[in-house]
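Each chain, letter by letter, is given below.
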Amino acid sequence: MEGKKLWGGRFSESTDAFVEEFTESVSFDKELALYDIQGSIAHAKMLGKQGIIPKEDAEKIIKGLEEIKKEIEEGKFQWKKELEDVHMNIEKALIEKIGSVGGKLHTGRSRNDQVITAFRLYLKNEVNNIINLLVELKKTLLKKAEETVDIVMPAYTHLQRAQPIRLAHYFLAYLEMFNRDEERFRDNLKRIDQLPLGSGALAGVDFPIDREFVAKELGFSEIMRNSLDATASRDTIIEFLSNASICMSNLSRISEDLIIWNSAEFGFVELPDKLTTGSSIMPQKKNPDVLELIRGKTGRVYGDLVALLTVVKGLPMAYNRDLQEDKEPVFDAVKTLKGSIIGITKIVEGLKPNEEKMKQAAGGFALATDLANYLVRKGIPFREAHHIVGQIVAYLVNQKRELESITLDEFKKFSPLFEEDALKILSPYNVADARKSFGGTAKERILEQIQYWKENLE
Ligand code: ARG
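Residues numbered from 1 in each chain as written. Predicted model: local features only at pLDDT ≥ 70, side-chain atom pairs only at ≥ 80, totals over all residues. Heavy atoms only, no water.

Peer 1: How should the site of the ligand be read in this particular structure?
Peer 2: In the vicinity of the ligand, the contacting residues are Ser-25, Asp-85, Arg-111, Asn-112, Val-115, Tyr-319, Gln-324 and Lys-327. Here Asn-112 contributes a side-chain N or O atom positioned 2.9 Å from a nitrogen atom of the ligand. Lys-327 places a side-chain nitrogen or oxygen 2.6 Å from an oxygen atom of the ligand. With the chains in place, 85% of the 340 Å² that the ligand exposes on its own is no longer accessible. It is helix H6 (residues 111-147) that provides the largest number of residues to the shell around the ligand, a total of three residues. (Near = heavy atom within 4 Å. Polar contact = N/O pair within 3.5 Å; in protein donor to acceptor, adjacent residues only side chain to side chain. Areas by Shrake-Rupley, 256 points an atom, 1.4 Å probe, with all protein chains shown as cover. Helix = DSSP H or I, 4+ residues; strand = E, 2+ residues; numbered from the N terminus.)

Peer 1: I would appreciate a short explanation of the pattern of salt bridges in the present structure.
Peer 2: Pairing between side chains of opposite charge can happen when the charged atoms of each approach one another. Within the structure shown, the criterion is met by 38 salt bridges. With a shortest N-O distance of 2.8 Å, Arg-184 and Asp-181 are connected by a salt bridge. Taken together, the residues Arg-184 and Asp-181, both in helix H7 (residues 167-192) and three residues apart, mark about one turn of the helix. For Arg-184, a relative accessible area of 28% puts it in the partly exposed group. As a salt-bridge pair, Lys-286 and Asp-273 come within 2.8 Å of each other at their nearest N and O atoms. Of this pair, Lys-286 sits in the loop between strand S5 (269-270) and helix H11 (289-312) while Asp-273 is found in the loop between S5 and H11, placing the two residues 13 residues apart along the sequence. You can call Lys-286 partly exposed: its relative accessible area is 28%. (Salt bridge = Lys/Arg side-chain N within 4 Å of Asp/Glu carboxyl O. Buried < 20%, exposed > 50% of the residue type's maximum accessible area, 1.4 Å probe, protein only.)

Peer 1: Whenever I open this one, the packing of helix H3 (residues 33-49) against helix H8 (residues 211-218) confuses me. Can you help?
Peer 2: Between two packed helices, what matters for the description is the angle formed by their axes and the separation of those axes. Relative to each other, H3 and H8 sit at 145°, their axes nearing to 9 Å. Taken as a pair, H3 and H8 cross one another with a handedness that is right-handed. Counted together, Gln-38, Gly-39, Ala-42, Lys-45, Met-46 and Lys-49 of H3 and Phe-213, Val-214, Glu-217 and Leu-218 of H8 form the full contact between these two elements. Looking at the contact of H3 with H8 residue by residue, the class counts come to five nonpolar, two polar and three charged. (Axes fitted to C-alpha atoms, helices over the stretch in contact; angles between N-to-C directions. Left-handed = near helix turned anticlockwise from the far one by under 90°. Contact = heavy atoms within 4.5 Å. Nonpolar A, V, L, I, M, F, W, Y, C, P; charged D, E, K, R; others polar.)

Peer 1: Even after reading the chapter, I still don't get the nonpolar core, so can you show me in this structure?
Peer 2: Considering soluble globular proteins, one finds that nonpolar side chains tend to be buried as a cluster. Counting residues in hydrophobic clusters, the biggest one holds 101 residues, and the most contacted among them are Tyr-122, Phe-185, Phe-240, Leu-251, Trp-261, Val-330 and Leu-337. Core analysis: the second largest hydrophobic core is formed by 21 residues, Leu-371, Ala-372, Ile-380 and Phe-418 among them. (Core = buried A, V, L, I, M, F, W, Y, C linked by side-chain atoms within 4.5 Å.)

Peer 1: Explanation requested: unusual backbone geometry in the structure shown.
Peer 2: Most peptide bonds are trans, and most residues other than glycine sit at a negative phi. In this chain, Met-317 is followed by Ala-318 through a cis amide linkage whose omega measures 5°. Located in the positive-phi region is His-158, a residue other than glycine, with phi close to 55°.

Peer 1: Looking at this model, I keep getting lost on the environment of Thr-276. Mind explaining?
Peer 2: Positionally, Thr-276 belongs in the loop between S5 and H11. Classification of Thr-276 as buried rests on a relative accessible area of 12%. Each C-alpha atom, one on Thr-276 and one on Pro-288, is 5.2 Å from the other, the two residues being twelve residues apart in sequence. Among all residues touching Thr-276, those that are not within four sequence positions of it are Leu-271, Lys-286, Asn-287 and Pro-288. A polar atom in the side chain of Thr-276 sits 3.4 Å from the backbone oxygen of Pro-272. Looking at Thr-276, its side chain comes within polar contact range of the main-chain oxygen of Asp-273, at 3.0 Å.

Peer 1: Would you mind showing me how to read the pairing of strand S2 (residues 160-166) here?
Peer 2: Of the pairings in the sheet, the one linking strand S1 (residues 152-157) to S2 comprises six bridges and is antiparallel in character. The residue bridging Met-153 from the neighbouring strand is Ile-165, located in S2. (Pairing = 2+ DSSP bridges.)

Peer 1: Even after reading the chapter, I still don't get the side chain of Asp-304, so can you show me in this structure?
Peer 2: Note on placement: Asp-304 falls in helix H11. The buried charged residue Asp-304 lacks any salt bridge partner; its closest oppositely charged side chain belongs to Arg-300, at an N-O distance of 5.6 Å. The contact partners of Asp-304, leaving out residues within four places of it in the chain, are Leu-241, Pro-329, Asp-332 and Ala-333. (Lys, Arg positive; Asp, Glu negative; His and termini not counted.)

Peer 1: Quick question: what am I supposed to make of the layout of surface pockets here?
Peer 2: Think of a ball as big as a water molecule: rolled over the atoms, this probe shows where empty space is left. Considered as a void within the structure, the largest pocket measures approximately 390 Å³ in volume. If you go around the largest pocket, you meet 17 residues; those closest to its centre are Tyr-156, Tyr-170, Tyr-174, Arg-253 and Asp-257. Elements supplying a minimum of two residues to the lining of the largest pocket: S1, H7 and helix H10 (235-261). Taken together, the residues that form the lining of the largest pocket break down as 13 nonpolar, one polar and three charged. (1 Å grid on protein atoms, 1.4 Å probe; cavity = no way out; pocket = protein on both sides within 12 Å on 5 of 7 lines; lining within 4 Å. Points joined across faces, edges and corners; volume = space filled by probe spheres on them.)

Peer 1: What is the right way to read the packing of H6 against helix H18 (residues 443-457) from this model?
Peer 2: Between H6 and H18, the least distance of the axes is 11 Å, while the angle of their chain directions is 150°. Considering their axes alone, H6 and H18 lie roughly antiparallel with respect to each other. The handedness of the crossing between H6 and H18 is left-handed. On H18, the residues touching Val-135, Lys-138, Lys-139, Leu-142, Ala-145 and Glu-146 of H6 are Ile-450, Trp-453, Lys-454 and Leu-457. Of the residues assigned to the contact of H6 with H18, the class counts are six nonpolar, no polar and four charged. (Parallel < 35°, antiparallel > 145°, perpendicular 65-115°, else oblique.)

Peer 1: Would you mind going over the packing of aromatic side chains with me for this structure?
Peer 2: Inspection of every chain in the model, using the stated rule, returns 19 aromatic pairs. Ring geometry for Tyr-452 and Trp-453: centres 5.0 Å apart, planes at 85°, overall edge-to-face. A residue is classified by how much of its surface remains accessible, and Trp-453, at 3% relative accessible area, is buried. Through pairs of rings, three or more aromatic residues link up here, namely Tyr-156, Tyr-170, Phe-171, Tyr-174, Phe-178, Trp-261, Phe-266 and Phe-268. The positively charged end of Lys-49 is found above the aromatic ring belonging to Phe-213, 5.1 Å away from the centroid. (Phe/Tyr/Trp six-rings, centres within 6.5 Å; stacked < 30°, edge-to-face > 60°. Lys NZ or Arg CZ within 6 Å of the ring centre and 35° of its normal.)

Peer 1: Honestly, the environment of Thr-277 in this entry has me stumped. Any pointers?
Peer 2: Following the sequence through the fold, Thr-277 ends up in the loop between S5 and H11. Taking the C-alpha atoms as reference points, Thr-277 and Pro-288, separated by eleven residues in sequence, lie 6.8 Å from one another. Ignoring sequence-local partners within four residues, the contact set of Thr-277 consists of Lys-285, Lys-286, Asn-287 and Asp-289. A polar atom in the side chain of Thr-277 sits 2.9 Å from the side chain of Asp-289.

Now the structure itself:
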């Protein structure tokens, strides 16, 4: 068998070197090696227990697989492209190690159910890692919110100053978004956590296998009910890439905010030195490269999603080799997403808000809506109040004055309904705290949100 393909029996000439190079996947799917061995050990145990192969043979196979596992972990294993993929590499090494009895491992199994079993084990583990990273990020956002309850800043629509909020409100908004990301991954996990092994190539297996046993051994909560579905479908994997894409979109948006806030023009935050990089030519610069790369890498993950969606579109039932293309997008998305969550966590943890700058920007014309609402409370229809305050703004802008510089006498020229208490509105704190509706930015509401997350995150 030395040098021969494991499937070589039917062939009279050896594979063209181009074909070997073009069809191989071991260069990337060796990432699944330990999961493949885990699956094979469970399968061999089951074959022995069921008397499908002699118990002693099963034991030899398991021992051989454990040795191979050690070699891989120690980086001593020799991967060979001519053996196509991770599965064939391991099986061939097993046969070389323990002799022809190693060839009994593949009884009652196909690479089609084998590959998706290893992939699901891998993804289950990685999704749990991603969930843990999201929990860390949520805790960091909560801590930052607690620190910034008393900082006011302008919130923006259309990137125009809109209304003052407390900075904590901003961090709590992202906490909500990343919490939904986590929920999506948890929900995805229910569908990843299903055993495909025992489906054979596509139609099931003609040996008395015990799938319950294998599911228990591998820690799968459920067994896939249909062998065609189990081997041919990748929608659960696409769901993962979709969740990863959505999560990246949230990470990209917070990155964009912090990039803008970190600019000299805004100066709202300072990023820690250790998380920024310098320019090779302009000595004054401290670049937010980590944030820019998170924003940029979001494109890769969207690409990963579209790649796999396109791979499965138009595939006839059941397995087709096209499905080998499912792995690289997922490996790429997992690596990119994990790095991006860690990056944002570190940056949120280390950023220092510039309280003075934010407060200054939160005042002035950002308080105009509240002035209009003041008149509304005195009985003026909102549209008219909006118009009156618009005239006040124009009047002050003409004189290059800020809203805070207005006097009560000037107010009264625009509407006799203005009284002494109108001047109280000219504080961003008071304006923020007036928004007491559920979900609003008033201090008491923010403290409630913080309390909610404290109870739900610990
Ligand atoms: N490397 C293959 C994949 O990733 C394994 C399954 C191959 N199955 C087959 N019938 N050629 O999909």
